[in-house]
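Each chain, letter by letter, is given below.
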Amino acid sequence: MSRDKPFEPVNVYEYETLARQKLPKMAYDYYASGSDDQYTLEDNILAFRRFRFKPRVLVDISVQDIATNILGIPCSFPFVIAPAAMQKMAHPDGEVAVAKAAAASKVIMTLSSLSTCSIEEVARAAPEGPKWFQLYVYRDREVTKKLVERAEKAGYCAIVVTVDTPKLGRREADVHNKFELPQHLTFANFIDSANEDRQRTKKVDGSGLAAYIASLFDPSLSWKDISWLKTVTKLPILLKGVLNGKDAELATRCGAAGIIVSNHGARQLDGSPATIDCLEAVVNGVQGKIPVLVDSGVRRGTDIIKALALGAQAVCVGRPILWGLAVAGEEGVRRVIELYRNEFELDLGLLGCPSLADIRRDMIVKVDWFINSFKASDALHGHSRGQEAHSRL
Ligand SMILES: Cc1cc2nc3c(=O)[nH]c(=O)nc-3n(C[C@H](O)[C@H](O)[C@H](O)COP(=O)(O)O)c2cc1C
Ligand SMILES: CCCCC(=O)C(=O)O
């Protein structure tokens with residue numbers, strides 16, 4: 001092991017390998033898992049690789065502009081941090097560290113309803129950073145309403161309603177591990193709650209999270225509740241978890257301010273298509289009326305370009321942020337964001353695009369002769385690159 005030069009990951013797969021070495025098994029498995037057979041988890045990565053580039057040459061790219069604006073918020077590049085629950089399992093600073101890194105990097109952070117730092121704590125830690133609040137709709141509408149009101153009061157600029165989780169997908173590793181929130185942590189947004197259930201996962205035989213959700217989340221959630229939410233807040237409402245063009249149309253009619261095309265990082269319905277394969281249908285469904293973002297499997301700057309070429313305004317990223325957080329706290333998250341930004345800028349230049357407006361649909365092509373020439377699980381868990389990282393530690 002080299003003592004003088006610490007190993008510096010050069011891509012997000014290497015961050016995952018390092019994070020896996022640091023994290024307790026229960027936490028790593030919870031973060032990494034998809035549902036059931038994890039077909040969708042695999043396809044989220046592979047589907048991006050089926051798209052290839054047709055670059056333009058002899059374009060002056062000496063001055064590049066990759067900044068953008070999402071729902072009126074200036075962002076250093078088209079990148080948003082996706083909501084992920086229970087971040088203190090990765091690092092003691094949890095969501096506060098992620099929010100500070102997001103603010104320093106000038107990207108939007110989305111805070112999960114099931115965060116281990118509270119709405120207000122995160123807002124105080126990074127007052128200048130743009131933040132969205134992700135909402136899970138509780139059976140108890142007063143609880144739901146209160147969360148939204150707190151987020152609005154604390155300065156969050158949008159509500160992201162997750163619409164793909166009427167029940168929790170079955171993540172088998174969590175069942176084996178009897179996943180529960182570690183004793184020293186709580187769901188910080190419910191700390192004052194009279195109902196203890198809302199502060200913790202339950203100790204059960206199986207996934208404690210699945211039990212928590214089954215008892216508290218509202219499986220009757222439907223379009224009429226989105227209309228109700230609009231009466232509760234002035235903030236723009238984005239729907240996260242749309243994969244179908246028809247639902248995109250309905251979302252637009254219902255007054256959603258934006259859509260996040262997502263299969264929840266392959267943690268909900270296994271067999272859902274990769275999001276990059278549904279993106280165009282959703283973009284067509286909204287007919288340019290509202291912005292469309294996409295997440296699930298974005299691991300490279302090239303993936304961001306592909307998403308933009310297919311009509312997305314930005315991407316959201318989930319797990320790699322958690323890997324950066326686990327490896328080096330706030331600094332680790334900043335480095336992960338920087339990796340994405342540097343790759344994006346470089347690749348955009350190589351494609352012959354000085355700015356985002358120069359990205360065109362015909363610069364990418366979907367190959368149907370794609371042969372899976374490497375083991376997909378290597379791509380998912382960074383094993384091949386990870387081994388390299390490991391041997392250099
Ligand atoms: C550990 C973990 C926790 C998550 N928690 C939430 C959550 O609380 N709310 C939510 O809407 N989505 C949640 N998601 C889904 C992410 O917001 C996002 O859709 C997904 O991670 C994107 O895929 P990626 O991890 O491949 O980038 C979670 C994902 C992971 C991996
Ligand atoms: C509603 C489940 C808790 C967080 C989450 O969304 C996830 O683990 O994927």
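Labelled according to an unreviewed UniProt entry, the chain appears under the name FMN hydroxy acid dehydrogenase domain-containing protein, originating from Galdieria partita. As stated in UniProt under Sequence similarities (unreviewed entry), the record for the chain gives "Belongs to the FMN-dependent alpha-hydroxy acid dehydrogenase family." Looking at the chain in UniProt, the text filed under Cofactor (unreviewed entry) is "FMN".

Undergrad: Run through the site of ligand 2, naming residues and quoting values.
TA: The environment of ligand 2 is made up of Y30, A85, L114, Y136, T165, L168, R171, L209, I213, F217, H264 and R267. Contacts to ligand 2 include Y30, whose side-chain N or O atom sits 2.6 Å from an oxygen atom. If ligand 2 stood free it would expose 280 Å²; the protein chains cover 95% of that surface. Among the residues making up the shell around ligand 2, the classes are represented as eight nonpolar, two polar and two charged.

Undergrad: Run through unusual backbone geometry, naming residues and quoting values.
TA: Residues other than glycine seldom take positive phi values, yet K106 does so here, at roughly 55°. As for its position among the elements, K106 is in the loop between α4 (94-105) and β5 (108-111). Accessibility expressed as a relative area gives 54% for K106, which makes it exposed. Unusually for a residue other than glycine, A266 sits at a positive phi of about 65°.

Undergrad: A description of the pattern of salt bridges should follow, citing residues and the corresponding values.
TA: Within the structure shown, the criterion is met by 17 salt bridges. Between K224 and D225 there is a salt bridge; the shortest N-O distance is 3.5 Å. In this structure, E280 engages R361 in a salt bridge whose closest nitrogen and oxygen atoms are separated by 2.7 Å. Of this pair, E280 sits in helix α11 (residues 275-286) while R361 is found in the loop between α13 (319-351) and β12 (364-366), placing the two residues 81 residues apart along the sequence. What makes E280 partly exposed here is its relative accessible area of 33%. By relative accessible area, which is 35% here, R361 ends up partly exposed. Taken together, the shared-partner salt bridges connect E8, E331, R334 and R335 into one network.

Undergrad: Now, about the sheet that holds strand β4 (residues 79-81): what can you tell me, with residues and values included?
TA: A barrel is described by the order of its strands in space; here eight strands give the closed sequence β4-β5-β6-β7-β8-β9-β10-β11, paired in parallel fashion. Adjacent strand axes in the sheet meet at a mean angle of 30° when their direction is disregarded. Sheet topology note: the strand β10 (residues 292-294)/strand β11 (residues 314-317) ladder contains two bridges and is parallel. For L293, the partnering residue across the bridge sits in β11 and is A314. Lying on the sheet, helix α6 (residues 141-153) is in contact with β6 (131-135) and β7 (158-162); it crosses β6 at an angle near 180°. Where α11 meets the sheet, its contacts fall on β8 (237-242), β9 (258-261) and β10, and the angle it forms with β10 comes to roughly 170°.

Undergrad: Before we move on, could you go through the site of ligand 1 and cite the residues and values that matter?
TA: What surrounds ligand 1 is a group of 23 residues, the closest being P83, S112, T162, D295 and R299. K240 has a polar side-chain atom sitting 2.9 Å from a nitrogen atom of ligand 1. S262 places a side-chain nitrogen or oxygen 3.3 Å from an oxygen atom of ligand 1. For ligand 1, whose free accessible area comes to 600 Å², the fraction covered by protein is 99%. For the shell around ligand 1, the residue count by class is nine nonpolar, nine polar and five charged.

Undergrad: Please give an account of the UniProt feature "active site" (unreviewed entry) in the chain that cites residues and values.
TA: UniProt tags H264 as "active site" (unreviewed entry). Locating H264 in the fold gives a position in the loop between β9 and α11. Of the residues examined, H264 reaches a relative accessible area of 12% and is grouped as buried. Apart from residues lying up to four places away in sequence, H264 is in contact with Y136, T162, D164, T165, R171, K240 and S296.

Undergrad: Describe the environment of R20, with residues and values.
TA: With respect to the helices and strands, the residue R20 is situated in helix α1 (residues 12-22). It is 9.0 Å that separates the C-alpha atoms of R20 and V327, two residues lying 307 residues apart in sequence.

Undergrad: Outline the side chain of Q134, listing residues and values.
TA: Mapping Q134 onto the fold places it in strand β6. One polar contact links Q134 to S112, side chain to side chain, over a distance of 3.5 Å. Not counting residues within four places of it along the chain, the set of residues in contact with Q134 comprises P83, T110, L111, S112, S113, V160 and T162.

Undergrad: So what about helix α2 (residues 25-32)? Which residues, and what values?
TA: Residues lying three or four places apart along an α-helix face the same way, a consequence of the helix completing one turn every 3.6 residues. The buried count for α2 comes to six of eight residues, which makes it a mostly enclosed element. Residues of α2 that are buried: A27, Y28, D29, Y30, Y31 and A32.

Undergrad: A description of the packing of α2 against α13 should follow, citing residues and the corresponding values.
TA: Where α2 contacts α13, the two axes come as close as 10 Å, and the packing angle between them is 155°. Judged by the angle between their axes, α2 and α13 are roughly antiparallel. Counting all contacts with α2, which are made through Y28, Y31 and A32, the residues of α13 involved are R319, L322 and W323. Grouping the amino acids of the contact of α2 with α13 by side-chain chemistry returns five nonpolar, no polar and one charged.

Undergrad: Describe the packing of aromatic side chains, with residues and values.
TA: The tally for this structure, following the rule as stated, stands at 13 aromatic pairs. Aromatic pair F77 and F79: ring centres 5.0 Å apart, planes at 20°, arrangement stacked. Aromatic rings pair up to connect Y136, Y138, F187, F190, Y212 and F217 into one cluster. Above the ring of W228, the side-chain terminus of R141 is found at 5.6 Å from the ring centroid.

Definitions and limits used
- Residues numbered from 1 in each chain as written.
- Chains lettered and ligands numbered in written order.
- Predicted model: local features only at pLDDT ≥ 70, side-chain atom pairs only at ≥ 80, totals over all residues.
- Heavy atoms only, no water.
- UniProt positions renumbered as here; feature names shortened; annotations may be inferred.
- Near = heavy atom within 4 Å.
- Polar contact = N/O pair within 3.5 Å; in protein donor to acceptor, adjacent residues only side chain to side chain.
- Areas by Shrake-Rupley, 256 points an atom, 1.4 Å probe, with all protein chains shown as cover.
- Nonpolar A, V, L, I, M, F, W, Y, C, P; charged D, E, K, R; others polar.
- Helix = DSSP H or I, 4+ residues; strand = E, 2+ residues; numbered from the N terminus.
- Buried < 20%, exposed > 50% of the residue type's maximum accessible area, 1.4 Å probe, protein only.
- Salt bridge = Lys/Arg side-chain N within 4 Å of Asp/Glu carboxyl O.
- Pairing = 2+ DSSP bridges.
- Axes fitted to C-alpha atoms, helices over the stretch in contact; angles between N-to-C directions.
- Contact = heavy atoms within 4.5 Å.
- Parallel < 35°, antiparallel > 145°, perpendicular 65-115°, else oblique.
- Phe/Tyr/Trp six-rings, centres within 6.5 Å; stacked < 30°, edge-to-face > 60°.
- Lys NZ or Arg CZ within 6 Å of the ring centre and 35° of its normal.

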